[in-house]
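Below are the chains, spelled out letter by letter.
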Amino acid sequence: MILSKYDFYIIIIFLFLTFGILGGAFQPIRIISIILFLYYSPLIINNLKQNKSQFYFVSFLGIYSFFSIFLYIENIKESFISFIYILINLIFYSVFITFYKESNLKFKSIVIGVYVFLTISLSYSIYEITTGNHLSTNLDHGIESLMNRSYSSFSFGNYNTYVMILIMMLPILIYSIINYNIKNKIYSLILFFLASYVIIINGSRTGAVLLLLTLGLFLLNRSKNFVYGLISKIVVLGLGFSLLIQNMNVFDTLFLRLSNSGFESAGRVENLTLPINGLISNVFLGFGIGNYQFYMLENYPNKLILAPHNFFGEIFYELGLFGLILILYNLYSSTVLAIKRNDKFIFFTFLLIFPFFCMINSGYLMGVYVWLYLAIMTSVAYFGVKDVR
């Protein structure tokens, strides 16, 4: 199967993802999304019109985000900037889905893009972990004693953000191990173990749970070829167990964090419950795009952590009940379509992981990463995987 220009664009998107937060507001992945949208806007708009549920989702979310700017006049400047970010993210989302529909390779182009991204990012991660040399984008984690150890944030500043990206790519690697030829299986296996190593050494509790969940879904999946499927599972378990025994020290930070606070985080729970009265008082319209932290500072100035650490929480508090319903509607419409397809594994693996993925970090609405996750899920649900080995 020949690589079309749309396959190439999908791969390029993952290449630009390697720049992370470099460039600040002018991150390369945002710039390339805007350029591609402007050049292919007739095709993208036409594609959205053909898929009514996606047209309604993107249009209504964009329109409501704009009107939400005026819900908190005191912070209207920052809210307007946040609206620009979410508008770019919706553009990115629409670009990705359109290119996936028009591509020849379909899911295989995503797999190739993931190979490109992980080859670059994990190579630097190993260097970063072994030497302690971080990129200039790395955040100062000095306030947390647990940060006095090896970790990798690559180009994403926050190590939790990097864990999010790696978690998003695990189901794609698992699918490749199950379904593609021996070369893809071996390379996907190498990348899977390296990504798992970084996730564990970064000490993310949710990341560790999602790693186990992805592995569990892989073991439960019924491969089209029983023998190859069984061999793949034995190899993954055998190599994984062997590497685990020889490198138990990678769990040190994870065990330390678990012993200190388990899987609970009182501060995060508070951030999802404290603002509810404010939301009730404005009849669930939301505080306005980008206004969650402003509301918390105004009403709870003594709190140290002001981020919700939950995508659904961000949507609910900033864009109200209407915004939350739009997200749930999009997930529902994608699920209804995915159920009708023969190969449901990749979609439902993404769907099961998504609620936990939404709790790893904050800034979901403004960052491009959750929109990439949603774009992959939606693309697979609407246009299938297409078995290209």
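Given the structure is predicted, the values throughout are model-derived calculations rather than measurements.

Peer 1: An account of the packing of helix H2 (residues 28-50) against helix H3 (residues 52-68) is requested, with residue identities and associated values reported.
Peer 2: In the contact formed by H2 and H3, the axes pass within 5 Å of each other and the chain directions differ by 115 degrees. Classified by the angle their axes make, H2 and H3 are roughly perpendicular. Side by side, H2 and H3 meet where Leu 48, Lys 49 and Gln 50 of the first sit next to Lys 52, Gln 54, Phe 55 and Val 58 of the second. Its residues assigned to classes, the contact of H2 with H3 shows 3 nonpolar, 2 polar and 2 charged.

Peer 1: Quick one: what's the story with unusual backbone geometry, residue by residue and with numbers?
Peer 2: Glycine aside, a negative phi is what most residues show, and trans is what most peptide bonds show. The residue Lys 106 is not glycine, and still its phi comes out positive at about 55 degrees. According to the relative accessible area criterion, Lys 106 is buried, its value standing at 11%. Phi is positive for Phe 154, close to 50 degrees, though the residue is something other than glycine. In this structure, Phe 154 sits in the loop between helix H5 (107-131) and helix H6 (159-179). Exposure remark for Phe 154: the relative accessible area of 5% places this residue in the buried category.

Peer 1: Let's hear about helix H15 (residues 345-357): which residues, and what values?
Peer 2: Taking 1.5 Å per residue as the helical rise, H15 with its 13 residues ought to reach 18 Å, and the 18 Å between its terminal C-alpha atoms agrees with that figure. Along H15, the positions that sit buried rather than exposed are Phe 345, Ile 346, Phe 347, Thr 349, Phe 350, Ile 353, Phe 354 and Phe 357. The inward-facing, buried residues of H15 contact H5, H6, helix H8 (205-220), helix H14 (311-339) and helix H16 (369-383).

Peer 1: I'd like a description of the packing of aromatic side chains, backed by residues and values.
Peer 2: A full pass over the atoms with the stated rule returns 49 aromatic pairs. Note on Phe 354 and Tyr 373: the rings are 5.2 Å apart at their centroids and 35 degrees apart in plane angle, and the pair reads as tilted. With a gap of 19 residues between them, Phe 354 in helix H15 and Tyr 373 in helix H16 connect regions that are remote in the sequence. Taking the relative accessible area as the measure of exposure, Phe 354 reaches 1% and is therefore buried. One aromatic cluster is present, formed by Phe 57, Tyr 93, Phe 311, Phe 312, Phe 350, Phe 354, Phe 357, Trp 371 and Tyr 373 through successive ring pairs. The ring of Tyr 180 has Lys 108 sitting right over it, with the charged end atom 4.8 Å from the ring centre.

Calculation rules
- Just so you know, the residues in each chain are numbered from 1, in the order the chain's sequence is written.
- Thresholds applied to this predicted model are a pLDDT of at least 70 for local features of residues and 80 or more for the giving and counting of side-chain atom pairs; totals over whole chains, interfaces and linings are not thresholded and use all residues.
- Calculation of side-chain values draws on the structure's entire complement of heavy atoms; hydrogens and water are dropped beforehand.
- Throughout, an axis means a line fitted to C-alpha atoms (over the contacting stretch in the case of helices), and angles, computed between N-to-C directions, take values from 0 to 180 degrees.
- Secondary structure counts use DSSP, requiring at least four H or I residues in a row for a helix and at least two E residues in a row for a strand, with both numbered from the N terminus.
- Relative orientations are named as follows: roughly parallel for angles under 35 degrees, roughly antiparallel for angles over 145 degrees, roughly perpendicular for angles from 65 to 115 degrees, and oblique for any other angle.
- What makes two residues a contact is simply this: any of their non-hydrogen atoms within 4.5 Å.
- Under the scheme applied here, ten amino acids are nonpolar (Ala, Val, Leu, Ile, Met, Phe, Trp, Tyr, Cys and Pro), four are charged (Asp, Glu, Lys and Arg), and all others, including Gly, are polar.
- Exposure categories follow from relative accessible area, calculated using a 1.4 Å probe and restricted to protein chains: below 20% of the type maximum is buried, above 50% is exposed, and the middle band is partly exposed.
- A helix is expected to reach a length of 1.5 Å times the quantity of its residues less one.
- Planes of paired rings set the category: under 30 degrees apart is stacked, over 60 is edge-to-face and the rest tilted, where pairs are Phe, Tyr or Trp rings (Trp by its six-membered ring) whose centres lie within 6.5 Å.
- Criterion for a charge above a ring: Lys NZ or Arg CZ within 6 Å of the ring centre, and within 35 degrees of the ring normal.

Geometric values such as these leave the question of function open.
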